[in-house]
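A closer look at the structure
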Amino acid sequence: MDYKKAWKEARHGKNDEYAGYYCLLIAILLEVDAQDARLLYQYGPEHPLCRKRLQERQTEHERKEKKDE
């Protein structure tokens, strides 16, 4: 299934009963907290706020990797 089609279906309430599960999967796979996962689920990864949060998360990981070296 095309992810864009699945995303649109989920956002338009067809899969409302599974919203919490989708947020949990997003949180686990992207290693974000619950609030960020909900924003990603609600607005999509292309929303400016979500992009900002993902970019911040990426820089955090880069700092941790440099610290571990």
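Just above, that's the structure.
Scope of this entry: the structure provided in the associated data block. Since this is a predicted model, take the numbers as computed values, not measurements. (Residues numbered from 1 in each chain as written. Predicted model: local features only at pLDDT ≥ 70, side-chain atom pairs only at ≥ 80, totals over all residues. Heavy atoms only, no water.)

1. A word on the packing of helix 3 (residues 34-43) against helix 4 (residues 48-68)
Two elements in contact, helix 3 and helix 4, have axes whose closest approach is 9 Å; the angle formed by their N-to-C orientations is 145 degrees. Seen along the crossing, helix 3 lies across helix 4 with a hand that is left-handed. Together, Q35, D36, L39, L40 and Y43 of helix 3 and L49, C50, R53 and L54 of helix 4 make up the contact between the two elements. Here the contact of helix 3 with helix 4 is composed, by residue class, of six nonpolar, one polar and two charged. (Axes fitted to C-alpha atoms, helices over the stretch in contact; angles between N-to-C directions. Helix = DSSP H or I, 4+ residues; strand = E, 2+ residues; numbered from the N terminus. Left-handed = near helix turned anticlockwise from the far one by under 90°. Contact = heavy atoms within 4.5 Å. Nonpolar A, V, L, I, M, F, W, Y, C, P; charged D, E, K, R; others polar.)

2. Comments concerning the packing of helix 2 (residues 19-30) against helix 3
One way to put it is that helix 2 packs onto helix 3 with a least axis distance of 8 Å and a crossing angle of 115 degrees. Crossing angle aside, the handedness with which helix 2 passes helix 3 is right-handed. Contacts between helix 2 and helix 3 involve A19, Y22, C23, I26, A27 and L30 from the former and A37, R38, L40 and Y41 from the latter. Residue classes in the contact of helix 2 with helix 3 are distributed as nine nonpolar, no polar and one charged.

3. Structural notes on helix 2
In this model helix 2 runs 16 Å from its N-terminal to its C-terminal C-alpha over 12 residues, within 8% of the 16 Å that 1.5 Å per residue would give. Turning to helix 2, its buried residues number three or more, namely A19, C23, I26 and A27. In an axial view of helix 2, the angular spread of the buried residues amounts to 95 degrees, which keeps them on one side of the axis. Away from its buried face by more than 90 degrees, helix 2 exposes Y21, I28 and L29. Where helix 2 is buried, its residues contact helix 3. Remark: E31 follows helix 2 within two positions and exhibits a positive phi of approximately 55 degrees. (Expected span 1.5 Å × (residues − 1). Buried < 20%, exposed > 50% of the residue type's maximum accessible area, 1.4 Å probe, protein only. Arc of directions from axis to C-beta.)

4. Concerning the packing of aromatic side chains
This structure, assessed with the given rule, holds two aromatic pairs. On the basis of an interplanar angle of 45 degrees and a centroid distance of 6.4 Å, the ring pair of Y18 and Y21 is categorised as tilted. For Y18, a relative accessible area of 40% translates into the label partly exposed. By relative accessible area, Y21 is classed as exposed at 56%. Both rings, one in Y22 and one in Y41, keep their centres 6.0 Å apart while their planes meet at 20 degrees; by these two values the pair is stacked. Placement of Y22 in helix 2 and of Y41 in helix 3 is noted, with a sequence separation of 19 residues between them. The exposure class assigned to Y22 is partly exposed, which follows from its relative accessible area of 32%. (Phe/Tyr/Trp six-rings, centres within 6.5 Å; stacked < 30°, edge-to-face > 60°.)

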